[in-house]
Amino acid sequence: MSSPVLALRGVERTYVTEAGALNVLRGVDLDVYPGEVVGLIGPSGSGKSSLLHAAGLLEKPNAGLIALDGRDCSKLSERQRTKMRLSTVGFVYQFHHLLPEFSALDNVAMPAMIAGKGRGEAREAAQVMLEQLGLAQRIEHQPGQMSGGEQQRVAIARALANSPKLLLADEPTGNLDPANSAAVFQALYDQARKRGVAALIATHNMELARYMDRVFALKDGHLVAQRF
Ligand SMILES: Nc1ncnc2c1ncn2[C@@H]1O[C@H](COP(=O)(O)OP(=O)(O)OP(=O)(O)O)[C@@H](O)[C@H]1O
């Protein structure tokens, strides 16, 4: 079997609040392999976003080990973490966070350019991604000129355009009606599979969770396997 793209060992996350310490993650172990789509469910406040933020090196865990693409990230400097994140991880959020004044093409090309690719190369890759997500006719449109489902597919194209090994999605269809939600999830699933990307998707949508390869629930700070 191939090695995991994402490996979490004993990951802990505690927030200090006025009401005291909140132990949200209490020792999370998880491996996600290339080409598999893993679901993360759990009630609101159970720590799904905290787990995704730790896995994507957006926030440091209080304890535990995070390895991306076989590399232990716990001792990296802030700069090295950013570099690792840009080269290895793509994010999709509930709200697309597209830049409103830029076209779909520019939105999708931007992360690759920030990561150091030339403009021409980044735009070419962006165009291919948008076409693969069925958005060939929307390339020059700005987000405000597109439907919610189209905007979210642009966000998926943006997350994948830089060929990440890991895709982290936080309620990627949470803002869509059921029909759009299913279509957008299908697009995300197909692209992750086709590209051999390891995907970890947090969702409240149990209907979508049924289609994931494995599903875990967060309960009292621990991952509980729901289905293998
Ligand atoms: N920066 C922070 N400071 C203090 N508490 C926080 C912080 N971020 C998250 N929390 C708390 O940690 C808990 C877990 O939050 P998190 O957003 O990870 O849950 P979630 O499962 O993603 O929730 P939802 O499904 O509503 O998005 C919540 O009780 C939240 O209020």
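Let us look at the structure shown here. Predicted model only: the values in this text are computed from it and were never measured.

## Examining the sheet that holds strand β5 (residues 71-72)
Part 1 of the reasoning: Pairing within the open sheet is antiparallel, and its four strands lie in the order β2-β1-β4-β5. Single-partner strands in this sheet number two, and they are β2 (20-32) and β5.
Part 2 of the reasoning: Helix α1 (residues 48-55) contacts β1 (6-17), β2 and β4 (63-68) of the sheet and is inclined by roughly 120° relative to β1.

## A few points about unusual backbone geometry
Part 1 of the reasoning: Positive phi is not limited to glycine here, since Ser163 has a value of about 50°.
Part 2 of the reasoning: Topologically, Ser163 is positioned in the loop between α5 (148-161) and β7 (166-170).
Part 3 of the reasoning: Unusually for a residue other than glycine, Glu171 sits at a positive phi of about 50°.
Part 4 of the reasoning: Checked against the element boundaries, Glu171 lands in the loop between β7 and α6 (178-195).

## Some words on the environment of Val37
Part 1 of the reasoning: Mapped onto the elements of the fold, Val37 is located in strand β3 (residues 37-41).
Part 2 of the reasoning: A count of 23 C-beta atoms within 10 Å places Val37 in the buried class.
Part 3 of the reasoning: Between the alpha carbons of Val37 and Glu150 there is a distance of 22 Å; along the sequence they are 113 residues apart.
Part 4 of the reasoning: In this structure Val37 touches Tyr189, Ala192, Ala199, Ile201, Met212 and Asp213, once residues within four positions along its chain are discounted.

## Structural notes on the packing of helix α3 (residues 104-114) against α5
Part 1 of the reasoning: Two elements in contact, α3 and α5, have axes whose closest approach is 8 Å; the angle formed by their N-to-C orientations is 25°. In terms of orientation, α3 and α5 fall into the roughly parallel class. Remark: the crossing between α3 and α5 carries right-handed chirality. Counting all contacts with α3, which are made through Ala104, Asn107, Val108, Ala109, Pro111 and Ala112, the residues of α5 involved are Val154, Ala157, Arg158 and Ala161.

Conventions we followed
Residues numbered from 1 in each chain as written. Predicted model: local features only at pLDDT ≥ 70, side-chain atom pairs only at ≥ 80, totals over all residues. Pairing = 2+ DSSP bridges. Helix = DSSP H or I, 4+ residues; strand = E, 2+ residues; numbered from the N terminus. Contact = placed C-beta atoms within 7 Å. Axes fitted to C-alpha atoms, helices over the stretch in contact; angles between N-to-C directions. Buried ≥ 20, exposed ≤ 12 C-beta atoms within 10 Å, placed from the backbone. Parallel < 35°, antiparallel > 145°, perpendicular 65-115°, else oblique. Left-handed = near helix turned anticlockwise from the far one by under 90°.

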